[in-house]
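# Coordinate inspection notes
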Amino acid sequence: MIGLIDCNNFFVSCERVFNPSLHNRPVIVLSNNDGCAVAISNEAKALGIKRGQPYFQIRKLIEQHNIAVLSGNLRLYGDMSSRVMATLASLVPDIEIYSIDEAFADLSGFNQEKLSEIGANIVETIRHNTGISVSLGIAPTKTLAKVAARFAKKHKGYHGVCVIDSEDKRLKALGLTAIDDVWGIGRKLSKKFVDANIVSALQFASMSKNEVAKYVNVSGLATWQELNGIQSSTIEIDEPDRKQLCVSRSFATSISKIEDLLSILSSFASTCARKLREQNACAKSVSIFIHTNAFDQSAKQCYNSTHITLDSHTNDTLLFSEIVERSLLTIFSEGYSYKKAGIIVTEIVSADSTPSLELNCTDINKRNQLMQVIDNINQGYSHDVVHTSTFDNQLHISRKDSISPSYTTKLQDAIIVNCK
């Protein structure tokens, strides 16, 4: 059996651990630069606020209902996630971290007749150790575990744990699950199914393999198989290597100077190169994009991008920075105010299988040593203290008007308790 641990309203829950005044109050956590709502408490959802809504569209509703609004504090959320995952890892033999607030757990070695009791202990231990409430779905496959976790989260009667361990439970759960709520069924595919009057997970699972093949690819067939209780994927203990890296950000204020864009994109290039080195990998393709604020209808709109295929693979920060500088000249247009930029690197392979770009063996060794020194110096800092000369620190300050303290990672932000 496989378990899926899902943290409930994770970003909001992290804030509530250290600020009890937020309990039972509608709360919204905003995205980078306070652009849109990325996390919403149940109380805020009840007021009609949806994830992804731009902040300026819901400002009146926020004022009307005295909704607490917080800037995203990723340092706090990342540390709290590590605590949740460490607690889970201490309770089960193997886990696969799926996202910042989700993880699969291998429960095959436990007494299968006591999974509800075991699950309740896992949920309570995580809550006790971290203050974060979680839901746990247990089932024979990952996809069914996702279905079970959804029931555990939505219905209080499960007390945080839902186990699908019989055919009757599987059929009942799938019958109550909409097709667009199935993990692996995207928006476009779910629309196809709805148009064909296939509206529930049970209808999808009850189709023959030949019928399913008319609608889905190999991945979709795996989803259909897992809904029928046949495991197609197991717990991945080691994190799989990335096949693509993307670093992008919206800016606190629009940028119109090419020098400022170059500084930001050079920083992104440095981050991509560092992440590749951490993975012991190199990339051959680089895409760069810049665009204006689509929400500002009064401004001129522009979306430009370029794609570069290199002669060979690389993870060298300086080479990436040179590529960014050459590429930006081809896509930058005067007279526009840019609101977002980003870099995507693809065609990623192991660094052991390819030489670096445009360097002879002597230069390769020297450059690799330089990159290692830079990584060693930057390690442990929240931002790079060693960076390219184009970097302007003032441009990299995100707008976060209502960010909470870093309670767990900064000593000066730690809560002080006075005992009398």
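Going by the structure above, here's the rest.
Because the structure is predicted, anything quoted here is derived from the model rather than measured.

Rules used throughout
Residues numbered from 1 in each chain as written. Predicted model: local features only at pLDDT ≥ 70, side-chain atom pairs only at ≥ 80, totals over all residues. Heavy atoms only, no water. Pairing = 2+ DSSP bridges. Helix = DSSP H or I, 4+ residues; strand = E, 2+ residues; numbered from the N terminus. Axes fitted to C-alpha atoms, helices over the stretch in contact; angles between N-to-C directions. Contact = heavy atoms within 4.5 Å. Core = buried A, V, L, I, M, F, W, Y, C linked by side-chain atoms within 4.5 Å. Buried < 20%, exposed > 50% of the residue type's maximum accessible area, 1.4 Å probe, protein only. Salt bridge = Lys/Arg side-chain N within 4 Å of Asp/Glu carboxyl O.

## As for the sheet that holds strand 7 (residues 134–139)
Spatial ordering of the open sheet is given by 5-6-1-7-8, a layout of five strands whose pairing is mixed. Among the strands making up the open sheet, the edge pair consists of strand 5 (95–99) and strand 8 (161–163). Strand after strand, the sheet turns through a mean of 15° between neighbouring axes, direction not considered. Examined bridge by bridge, strand 5 and strand 6 (residues 102–106) share four bridges and lie antiparallel to one another. In the strand pairing of strand 6, E96 is matched with F104. On the sheet, helix 5 (residues 115–130) packs against strand 1 (2–7), strand 7 and strand 8 and is oriented at approximately 155° with respect to strand 7. Across the sheet, helix 6 (residues 142–154) touches strand 1, strand 5, strand 6, strand 7 and strand 8, and the angle it forms with strand 7 is around 140°.

## Considering the nonpolar core
Within soluble globular proteins, side chains that are nonpolar tend to cluster in buried spots. Core analysis: the biggest nonpolar cluster contains 35 residues, and F10, L88, I122 and I132 have the highest contact counts within it. No other element matches the six residues that helix 4 (residues 74–91) contributes to this core. Once residues within four sequence positions are removed from consideration, I132 is found in contact with C7, F10, S13, C14, V17, M80, V84, I126 and R127.

## Focus on the pattern of salt bridges
Applying the stated rule across the entire model yields 11 salt bridges. Across the pair K169 and D165 runs a salt bridge, and its minimum N-O distance is 3.0 Å. Judged by its relative accessible area of 39%, K169 falls in the partly exposed class.

## A closer look at the sheet that holds strand 10 (residues 281–292)
Taken in spatial order, the four strands of this open sheet run 9-12-10-11, and their pairing is antiparallel. The outermost strands of the open sheet, each flanked by one partner alone, are strand 9 (245–255) and strand 11 (303–314). The mean inter-strand angle of the sheet, taken between neighbouring strand axes irrespective of direction, is 15°. Here seven bridges tie strand 9 to strand 12 (residues 338–350), and the two strands are oriented antiparallel to one another. Residue pairing in the sheet places V247 in a bridge with I343 of strand 12. Packing against the sheet, helix 12 (residues 258–278) makes contact with strand 9, strand 10, strand 11 and strand 12, and its axis sits at approximately 155° to strand 9. Contacting strand 10, strand 11 and strand 12, helix 13 (residues 317–331) crosses the sheet at an angle of about 150° to strand 11.

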